[in-house]
Amino acid sequence: MKKYYLHSGTESSGPFTIEELKAKNITKASPVWFEGMLHWKTAGEIPELTSLFMVTPPPIAPFLFPPSPLKVEEKREPRKIMGMSKSNFFTALGFLLLVVGSFAFNSYQEMRNRELAAKNHKTEVENYQLELKQKEAEDEKIQAVIQERIEAQRVSAEKKQTYQNRILKIELLLVDYQTSIVETEKKLNEASDFQLLRSVSEKREQMDLLQKKISSLKSEMSKLRMESDQLKLELEKIPK
C-alpha cells in the first residue's frame, strides 16, 4: 500500500495511508510526497488524493423555480462592406486582385518582349552595319589592288614607250651618223687626192680634221649601239 508523507513547512511527518490523511484535514496546498516521486507536490496535484477535498452539499427543500423568460434572440443582419457581404466582398476582392495581377504580369511580359525585340533589332542593325563596313573595307582593298595594277601597267606602258622611242631615235641617229661617216670618208679621199693651191701642211690638217670627225662619229655610234642594246634588255624585263 502506498504511504504518503506531509510537510508542515519546517519538518516532515509520515508515512500515512489515505485513511490517515483524512484525519489530518489536509488541503489542496498541503505538500505531499511518496516513494517514486522526484519532488514534493501539493496534494491537489496528486489524482488519488482529490477525493479528500470533495465536499458534498446538504440536501435542500424543494421549491419552485420561476420560469426563466424566453430569451429572444436578436437577429442581426450580416455585416456588409461596400454594400456586399463579407464573403462576396472578399471573393470580389480576390478576383479583382487576380485580374490586376494578371494584367500587371501581362504588361510586364509585354514590356520585356518589347525590350527584347528592341535589343534584337538593335543587334541586327549593328551586325548589318558591321557587315557593310567590312564589305566596304574589302571593296576598298580590291579597288586599291586594281588601281595599283592599273598604275603599274600605266608606268610599264610609259616606260616601254619611252624605251621604244629612244631606241627608234638611236636608230635614226645611227643612220645619220653612218651617212655622215660615209660623206666624211668621201671628203677624206677627195682631200688626199686634191692638191691644187694647198700646201702639204694644209692638206694634212684637213685630213686630220676629217679623220677625227670619222672617229668621233664612230665612237658616238658605238655608244648609241650600247645604249640601244641596254634598252632592249630593259624592254624584255617589262611585263607584258
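Preceding this paragraph is the structure being described.
Report on the accompanying structure. (Residues numbered from 1 in each chain as written. Predicted model: local features only at pLDDT ≥ 70, side-chain atom pairs only at ≥ 80, totals over all residues. Heavy atoms only, no water.)

Now for the packing of aromatic side chains. According to the stated counting rule, one finds 3 aromatic pairs in the structure shown. Ring centres 5.7 Å apart and planes at 50 degrees place the aromatic pair Tyr 5 and Trp 33 in the tilted group. Remark: Trp 33 occurs in strand 3 (residues 31-34) and Tyr 5 occurs in strand 1 (residues 4-7); sequence separation between them is 28 residues. Looking at Tyr 5, the relative accessible area reads 28%, which means it is partly exposed. Pairing Trp 33 with Trp 40 gives two aromatic rings, centres 6.5 Å apart and planes at 40 degrees, and the pair type is tilted. With a relative accessible area of 39%, Trp 40 lands in the partly exposed category. An aromatic cluster is built from Tyr 5, Trp 33 and Trp 40, whose rings are joined through pairwise contacts. (Phe/Tyr/Trp six-rings, centres within 6.5 Å; stacked < 30°, edge-to-face > 60°. Helix = DSSP H or I, 4+ residues; strand = E, 2+ residues; numbered from the N terminus. Buried < 20%, exposed > 50% of the residue type's maximum accessible area, 1.4 Å probe, protein only.)

Here we come to the pairing of strand 3. Judged by which residues are buried, strand 3 turns out to be one-sided: Val 32 and Phe 34 face inward and are buried, whereas Pro 31 and Trp 33, on the alternate face, are not. Note that strand 1 and strand 3 share 3 bridges and pair antiparallel. When the bridges of strand 3 are listed, Tyr 4 appears paired with Phe 34. Sheet topology places strand 3 next to strand 4 (residues 41-42); 2 bridges connect them, and they run antiparallel. Counted as the bridge partner of Val 32 is Lys 41 from strand 4. Once strand 3 ends, the chain turns through 6 residues before running back antiparallel as strand 4, passing Gly 36 with a positive phi of about 105 degrees. (Pairing = 2+ DSSP bridges.)

As for its position among the elements, Ser 228 is in helix 3 (residues 200-237). Its relative accessible area of 5% is what places Ser 228 among the buried residues. Setting aside residues up to four positions removed in sequence, Ser 228 forms contacts with Ile 167 and Ile 170. (Contact = heavy atoms within 4.5 Å.)

Taken together, 4 strands build an open sheet; the order of strands is 2-1-3-4 and the sheet is antiparallel. Every interior strand has two partners, whereas the edge strands, strand 2 (12-16) and strand 4, have only one.

A surface patch of like charges, here negative, comprises Glu 136, Glu 138, Asp 139 and Glu 140. Structurally, Asp 139 is set in helix 2 (residues 86-193). With relative accessibility at 38%, the residue Asp 139 sits in the partly exposed group. (Patch = residues over 30% accessible without salt bridge, like charges linked within 9 Å, V, L, I, M, F, W, Y side chains within 5 Å. Areas by Shrake-Rupley, 256 points an atom, 1.4 Å probe, with all protein chains shown as cover. Salt bridge = Lys/Arg side-chain N within 4 Å of Asp/Glu carboxyl O. Lys, Arg positive; Asp, Glu negative; His and termini not counted. Charge placed at Lys NZ, Arg CZ, Asp CG, Glu CD.)

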